[in-house]
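Letter by letter, the chains look like this.
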Amino acid sequence: MALSSALSTLPTVTAAFLDGDHSLERIRIIADEIVVLSDDDVRAFAETRALESAERNQADTTLRDQVVEMVIALDPDGAADRREEAAERDQNVRVSRDTNGHCSISVYAPGEMGAHLAARIAKMINARICARDPRRRGQQRVAAFAEIQGLPGAHLSCECGLDDCPRAVPLPEEPADLDPAGDLPDDVDADRAAQLDFSELDTTGNDADEESESGTDGEADSDDDTDAQLLLDLAIDPVGQREARLAGFGVIDDSHAAHLIRSGLVKVFEFPGLEIPRTAGIVTSLDRVPAALRRPDIPFPATPIDPTGHGGYLTPPKGALTYRIPAWLREKIIELDGTCRYPHCGRPASECQIDHVVKFVHRDPRTGGWTVEFNLMPLCTACHQRKHMGLLIPTMLTDRAVIWRDPITGDTITTYPR
Ligand SMILES: [Zn+2]
Ligand SMILES: [Zn+2]
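Residues numbered from 1 in each chain as written. Chains lettered and ligands numbered in written order. Predicted model: local features only at pLDDT ≥ 70, side-chain atom pairs only at ≥ 80, totals over all residues.

Q: For the overall build of the protein chain, give the residues involved together with the corresponding values.
A: Regarding its fold elements, the protein chain presents 13 helices and 11 strands. The buried share among the 418 residues of the protein chain stands at 25%. Sequence-distant contacts in the protein chain: of pairs separated by 6 or more residues, those separated by 24 or more amount to 66%. (Helix = DSSP H or I, 4+ residues; strand = E, 2+ residues; numbered from the N terminus. Buried ≥ 20, exposed ≤ 12 C-beta atoms within 10 Å, placed from the backbone. Contact = placed C-beta atoms within 7 Å.)

Q: Kindly report on the environment of Glu25, identifying the contributing residues and their values.
A: Among the structural elements, Glu25 can be located in helix H3 (residues 24-34). For Glu25, a count of 11 C-beta atoms within 10 Å corresponds to the exposed category. Separated by 35 residues in sequence, Glu25 and Asp60 place their C-alpha atoms 7.9 Å apart.

Q: I'd love a proper account of helix H8 (residues 137-149), names of residues and values included.
A: The end-to-end C-alpha separation of H8 is 18 Å, in line with the 18 Å expected for 13 residues at 1.5 Å each. Of the residues one or two after H8, Gly150 is the one with positive phi, at around 90 degrees. (Expected span 1.5 Å × (residues − 1).)

Q: Tell me what's going on with the confidence of the model for the protein chain, and back it up with residues and numbers.
A: Confidence in the prediction for the protein chain averages 80 pLDDT; 77% of positions are at 70 or higher. Mean pLDDT across the elements of the protein chain ranges from a minimum in helix H9 (residues 185-214), with 39, to a maximum in strand S2 (residues 103-108), with 97. Predicted confidence for residues 174-226 stays below pLDDT 50, and this span has 23 contacts to residues more than four positions away or in other chains. Counting contacts from residues 273-300, a segment whose pLDDT is below 50, to residues more than four positions away or on other chains yields 32 contacts. (pLDDT = per-residue confidence, 0-100.)

Q: Describe the nonpolar core, listing the residues and the values that go with them.
A: Core analysis: the largest hydrophobic core is formed by 35 residues, its most contacted members being Ile30, Ile34, Val67 and Val71. Sorting the residues of this core by element identifies helix H2 (11-18), H3, helix H4 (40-55), helix H5 (60-74), strand S3 (232-236), strand S4 (244-246), strand S5 (250-252) and helix H11 (254-263) as the ones contributing at least two each. Counting residues per element, this core draws most heavily on H5, at eight residues. Residues from two domains meet in this core; each of domain 1 (1-74) and domain 3 (231-276 + 288-293) gives at least three. Look past the residues within four positions of Ile34 in its chain and what remains in contact with it is Leu10, Arg43, Ala46, Glu47, Ala50, Val67 and Val71. (Core = buried A, V, L, I, M, F, W, Y, C linked by C-beta atoms within 7 Å. Domains from an automatic or database assignment.)

Q: Any chance you could break down unusual backbone geometry for me, citing the residues and the numbers?
A: If you check the backbone angles, Asn100 has positive phi at about 55 degrees while not being a glycine. Secondary-structure assignment places Asn100 in the loop between strand S1 (92-97) and S2. Look at Asn100 and you get exposed, because 4 C-beta atoms sit within 10 Å. One non-glycine residue, His344, lies in the positive phi region at around 65 degrees. Looking at where His344 falls in the secondary structure, it is placed in the loop between helix H12 (327-337) and strand S7 (353-356).

Q: Give a description of the packing of helix H7 (residues 111-128) against H8 that names residues and reports values.
A: In contact at an axis separation of 9 Å, H7 and H8 are set at 110 degrees when each is read in the N-to-C sense. Relative to H8, the element H7 lies roughly perpendicular. From H7, Arg120, Ile121, Met124 and Ile125 reach across to H8, where they touch Gln140, Arg141, Ala144, Phe145 and Ile148. In terms of residue class, the contact of H7 with H8 is made up of six nonpolar, one polar and two charged. (Axes fitted to C-alpha atoms, helices over the stretch in contact; angles between N-to-C directions. Parallel < 35°, antiparallel > 145°, perpendicular 65-115°, else oblique. Nonpolar A, V, L, I, M, F, W, Y, C, P; charged D, E, K, R; others polar.)

Q: Tell me about the pairing of S2, residues and numbers included.
A: Of all the six residues making up S2, zero are buried; the element is thus mostly uncovered. With six bridges connecting them, S1 and S2 associate as antiparallel partners. Bridge pairing in S2 links Asn92 to Tyr108. In sequence, S1 turns back onto S2 through a hairpin of five residues, with Asn100 there showing a positive phi of about 55 degrees. (Pairing = 2+ DSSP bridges.)

Q: Can you tell me about the sheet that holds strand S9 (residues 393-396), naming the residues and giving the values?
A: The three strands are arranged S9-S10-S11 in an open sheet whose pairing can be described as antiparallel. Only two strands of the sheet have a single neighbouring strand rather than two, namely S9 and strand S11 (412-415). Adjacent strand axes in the sheet meet at a mean angle of 25 degrees, parallel and antiparallel pairs treated alike. Note that strand S10 (residues 402-405) and S11 share four bridges and pair antiparallel. In the sheet register, Arg405 faces S11, and the bridge partner there is Thr412.

Q: Tell me about the sheet that holds strand S6 (residues 266-270), and name the residues and values.
A: Overall, mixed pairing links the four strands, which are arranged S5-S4-S3-S6 in an open sheet. Each having just a single partner strand, S5 and S6 make up the two edges of the open sheet. The sheet shows a mean angle of 30 degrees between the axes of neighbouring strands, direction not considered. Both S4 and S5 contribute to a ladder of three bridges, which runs antiparallel. Counterpart to Arg245 in the pairing with S5 is Val251. Each of S3, S4 and S5 is contacted by H7, which is oriented at about 135 degrees to S3, the strand it contacts most.

Right, here's the structure in full:
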């Protein structure tokens, strides 16, 4: 009913839906996000742009992010008002009884709470659980959540049960009775068992020492101390042409970003490599529409970048023959592409590996693909493996669109940068 009601004010989206052009889920995402625009002309504009975005083979999450960014750009004050109204009307924690002695917990809360919870759970699991833990990931997450919730006795630790668990709470260093010649496993076990009783205090002390010594780089093997101080990344655009982006959540409106900065929950940085020329004259709200949604004039398809993997260069620029991707270039690729570039994958580029589209040749770098902008794209771990299986062969175009071709059927799927 809600969808039907929304569609009654969105004729263009309705027509596309009835034509069967888009899935129910994608129509629902578009309708949910743009129905709030009250101005008829602005809404009509948003319908067309959102449908253009939906034509692309990106993940549903990416589609939502693009549509949200457009809606915020078109009506920033409205976005802030609606966020505050939603807080008053809908914020809640619901705990309901479910099957098999379980419950369901559902929380409608500000985006930063979800992003922080997800990041903290991931960080705890990463720091304390090794790959041999027998539990499903979901079960590990619930154990982490229980500890975060403060449930008495709840503590997330690895259950692999192996002596050499790399994530186990470290034992005190250099026990005095260590016998270099003693090979008997029973003795070792007994020693460890004896030490475990008081190991907790010792290791806490060790952690604190390490923390103060390592200084700025205390992120790698973090534990409880750093969990509490986990800050989220907030990217802002000082020029005001891109909407602020909260890592782990997505685009947020300006007043929300200002609130997060005041709250101290975020680490703020500016979008790297941002060089959007200002439109001459008055900057209208339409000028602030995300670049990805603002290019009807660009001919499609663009021409492929040269197939050599040299990114249009005749001679290799500095660093092109080095396999390692410099930090600035990595940041630029992340900023340009936004997400994993494999079809229908929405994993944020910041969580991806940067892949050489045309393979880098170590024994003769000049002949293979170079480490240059137009031969690099973000791929998440899973999609990176898919690419190497050769099911789809990528070609990058001069507008950074990537055509993925099925070598058997010849079918193609195109993905686009942010
Ligand atoms: Zn383990
Ligand atoms: Zn992916």
